[in-house]
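Coordinate analysis (summary)
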Amino acid sequence: MQQAKNDIPVKIDTPDAVARQQVGFGDASNYGELSGEYFTLNAGTDVAPLFEGLEDDLCQAPHWGYVLKGALTVRYTDGTEEVDETGTLFYWPPGHTVRADEDSEIVMFSPQDEHTEVIDHMLAKMSGST
């Protein structure tokens, strides 16, 4: 699920401030603490090989975030894909992988326990211990 900034409904609009709010943007009720994350990915980076061995060979942690710069293609369990570009607010539910189409920077918020497990798995794959 993605949403461009200008498509997010304006709730407050004054000369000094504009507040936009998209309600119903992913359910976090079954998760504990969140972690704040900043990722930088070079164009062509595909993290799919690092997810091999996880359920469905995909990241099973949900993420809420914002693309600061670049373009990313996200593929989901059902095979659908979406492109999230600069200025896009996103929600990636469990069961996804990501490829950087351009040099990209994103800010994400993720359930820390679930995503730490995924990151630890990725680190193990990178070190060759899995």
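All values derive from a computational prediction rather than experimental measurement. In every chain, residue numbers begin from 1 and rise along the written sequence. Given that this is a predicted model, residues contribute local features only at a pLDDT of at least 70 and side-chain atom pairs are listed and counted only at 80 or more, while totals for whole chains, interfaces and linings are drawn from all residues. To obtain the side-chain values, all non-hydrogen atoms of the structure were included, while hydrogens and water were left out.

**Some remarks on the pairing of strand β10 (residues 104-111)**
Defined as follows: Here, any two strands with at least 2 DSSP bridges between them count as paired. Helix and strand labels come from DSSP, where a helix needs a run of H or I of at least four residues and a strand needs a run of E of at least two; each type is numbered from the N terminus.
Bridge analysis of strand β4 (residues 34-41) against β10 gives eight bridges, and the strand direction is antiparallel. Bridge assignment links Leu41 to a residue of β10, and that residue is Ser104. Sheet topology places strand β5 (residues 63-69) next to β10; five bridges connect them, and they run antiparallel. Bridge assignment links Trp64 to a residue of β10, and that residue is Phe109.

**Overview of the layout of surface pockets**
Quick reminder of the rule: In this analysis a 1.4 Å probe is tested at points of a 1 Å grid over the protein atoms alone, and where it fits but cannot get out there is a cavity; an open set with protein on both sides within 12 Å along at least five of seven lines is a pocket; lining residues have an atom within 4 Å of a point. Grid points are joined across faces, edges and corners, and a volume is the space filled by probe spheres set on the points. The residue classification treats Ala, Val, Leu, Ile, Met, Phe, Trp, Tyr, Cys and Pro as nonpolar and Asp, Glu, Lys and Arg as charged. All others, Gly included, are polar.
In this structure, the largest pocket spans a volume of roughly 290 Å³. In terms of lining residues, the largest pocket is bounded by 17 residues, among which Phe39, Leu41, Val47, Phe51 and Met122 are the most central. Among the elements of the structure, β4, α1 (48-51), β9 (96-100), β10 and α2 (112-127) are those that each provide at least two residues to the lining of the largest pocket. In terms of residue count, α2 provides more of the lining of the largest pocket than any other element does, five residues in total. Tallied by class, residues from the lining of the largest pocket come to 14 nonpolar, three polar and no charged.

**With respect to a negative patch on the surface**
Using the following cut-off: Candidate patch residues must exceed 30% relative accessible area and have no salt bridge, after which like charges are joined if within 9 Å and Val, Leu, Ile, Met, Phe, Trp or Tyr side chains if within 5 Å. The protein chains shown are the only cover counted for residues, whose accessible areas, like all others here, come from Shrake-Rupley with a 1.4 Å probe. Salt bridge, as applied in this entry: a Lys or Arg side-chain nitrogen positioned within 4 Å of an Asp or Glu carboxyl oxygen. Within this scheme the basic residues Lys and Arg register as positive and the acidic residues Asp and Glu register as negative, but His and the chain ends are omitted. A single reference atom marks each charge: NZ on Lys, CZ on Arg, CG on Asp, CD on Glu. Each residue gets one of three labels from its accessible area relative to the maximum for its type: buried under 20%, exposed over 50%, partly exposed in between, using a 1.4 Å probe on protein chains only.
Residues Glu33, Asp113, Glu114, Glu117 and Asp120 make up a contiguous surface patch of negative charge. By the secondary structure assignment, Glu114 is in helix α2. By relative accessible area, Glu114 is classed as partly exposed at 30%.

**Details of the confidence of the model for the chain**
Cut-off, in case you're wondering: One confidence number per residue, pLDDT, is output by the predictor and ranges from 0 to 100.
Here the chain shows a mean pLDDT of 89. Residues at 70 or above account for 98%. Of all secondary-structure elements in the chain, the lowest mean pLDDT belongs to strand β1 (residues 2-4), at 75, while strand β6 (residues 71-76) reaches the highest, 97.

**Here's the deal with the pairing of β6**
Summarising burial for β6: five of the six residues are buried, a large majority. Note: β6 against strand β7 (residues 81-85), five bridges, orientation antiparallel. Its bridge partner being in β7, Thr73 is matched across the sheet by Val83. Bridge count between β6 and β9: five bridges; the pairing is antiparallel. Bridge pairing in β9 links Tyr76 to His96.

**Focus on unusual backbone geometry**
Positive phi outside glycine occurs at Asp56, with the angle close to 60°. If you trace the backbone, Asp56 turns up in the loop between α1 and β5. One non-glycine residue with positive phi stands out, namely Asp57, at about 55°. The residue Asp57 is located in the loop between α1 and β5 in this model. Taking the relative accessible area as the measure of exposure, Asp57 reaches 38% and is therefore partly exposed.

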